[in-house]
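Structural overview
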Amino acid sequence: MIDLHSDTIYSLWCRDDGSTIEKNDLSIRKETLIKAGVRGQCLALFTPMHEHVPERKRSLSLWQIVSELHDRFVKETESAGIPLLTDPEELKDGRLHAILTTEEGAAIEGDISRLSILRSWGVRIFGLTWNYENELAYPNSTDPDIMARGLKKKGFEAIEECSRLGILIDVSHLSDGGFDDVASHMKGPFLATHSNARAITDVPRNLTDMQLKTLADHGGVTGLNLCPAFLHDEKATVPESAESRICDMVRHVIHIYRTAGSEVLAIGTDFDGIEGKLEIRTHQDMPKLFEALSAAGLPSSAIDRMAYGNAERVLSFFRR
Ligand SMILES: [Zn+2]
């Protein structure tokens, strides 16, 4: 299995209570990943803004924050003996690898030259936005005016530089206008690491049918997000009792499959960044989803591609 998105590093950094990637009460732990057969776990350097920055960290600049998060990533993966994926070929050895990604383009503070520093750290996927406007682009939004806005000048520069460096562009959290700009300027694949189908759950964080088809046309993928708010069949912010249910995941996956084909399917759990009652609480529960997908008629070849093959294909695009 390859999981394209998690917020575990940010959660550990926020807590600072002695939890590690080996010992914590989160969804992602080294032991559960290995037991579940995860070969590639994306660990995002989610760079928080505003109230999402812990009180004691508020004097730090965003670049200092992402640097601290990277230090934490190195400390966790090195002490746990989880190798950083430097070449997608390494996935073939069957061991667990950490895949370094970023979420929130404001981390580079508008300085495009910092993308090569991220690449030197091993970053393979760069998320242009989180839920705020930044120097590069606009976020997904319920405000149609914001949602329609495209990339800024620096956003175009960022996607060109990422292509040059061999970093994939992540459009989860991006505005629809930004998605269109990425699609029309990128020749190779790009991806949505953790987004579902808007036709099933009508929230701006999910992708329209047209966007799903466009991703497929580019050879990209979208990772199934287990967040209750993006799975429910209602327009809603997360209610207190929100549940992340396998039956809802199945509806999304089957819709994405019928709309855009089997090659666009992937997994992006968003573990340790989501709350609610999770029917899939760790990767060890994932076989329950695969069984339900099989029962719903998804061919086993498509399930295999969703679990592993498609994400591997996209990660291999910039093999170097
Ligand atoms: Zn996210």
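Now for a look at the structure at hand.

Scoring rules and cut-offs
- Residues numbered from 1 in each chain as written.
- Predicted model: local features only at pLDDT ≥ 70, side-chain atom pairs only at ≥ 80, totals over all residues.
- Heavy atoms only, no water.
- Helix = DSSP H or I, 4+ residues; strand = E, 2+ residues; numbered from the N terminus.
- Buried < 20%, exposed > 50% of the residue type's maximum accessible area, 1.4 Å probe, protein only.
- Contact = heavy atoms within 4.5 Å.
- Areas by Shrake-Rupley, 256 points an atom, 1.4 Å probe, with all protein chains shown as cover.
- Lys, Arg positive; Asp, Glu negative; His and termini not counted.
- Charge placed at Lys NZ, Arg CZ, Asp CG, Glu CD.
- Donors = N, O, S within 2.8 Å, 3.2 Å for Na, K, Ca; no water.
- Expected span 1.5 Å × (residues − 1).
- Arc of directions from axis to C-beta.

Check the secondary structure of the protein and you find 12 helices and 9 strands. For the protein, the spread of C-alpha atoms along the three principal axes comes to 50 × 45 × 45 Å. Looking at the protein as a whole, 60% of its 320 residues are labelled buried. Here the contacts in the protein between residues at least 6 apart in sequence split such that 70% fall between residues at least 24 apart. Accessible surface for the protein amounts to roughly 12600 Å². Of this, 49% is attributable to carbon and sulfur atoms. Side-chain charges in the protein split into 36 positive and 49 negative, and the spacing between the mean points of these groups amounts to 3 Å.

Only Glu103 (OE), His173 (NE2) and His194 (NE2) from the protein reach the zinc ion as donors, at distances of 2.1 to 2.2 Å. Ordering the donors of the zinc ion by residue number gives the pattern E-x69-H-x20-H. Of this pair, Glu103 sits in strand β3 (residues 97-103) while His194 sits in the loop between α7 (176-185) and α8 (209-217), placing them 91 residues apart in sequence. On the basis of relative accessibility, which here comes to 3%, the residue Glu103 falls in the buried class.

In this model helix α12 (residues 300-315) runs 22 Å from its N-terminal to its C-terminal C-alpha over 16 residues, within 8% of the 22 Å that 1.5 Å per residue would give. Among the residues of α12, Ala302, Ile303, Met306, Ala307, Tyr308, Asn310, Ala311, Glu312, Val314 and Leu315 are the ones counted as buried.

It is worth spelling out helix α6 (residues 153-165) at this point. Its 13 residues place the ends of α6 19 Å apart at the C-alpha level, agreeing with the 18 Å of an ideal helix rising 1.5 Å per residue. If you check which residues of α6 are buried, you get Gly155, Ala158, Ile159, Glu161, Cys162 and Leu165. In an axial view of α6, the angular spread of the buried residues amounts to 165°, which keeps them on one side of the axis. Within α6, the exposed residues directed more than 90 degrees away from the buried face are Lys153, Glu160 and Arg164. Check the buried side of α6 and you find it contacts α4 (114-121), β4 (125-127), β5 (168-170) and α7.

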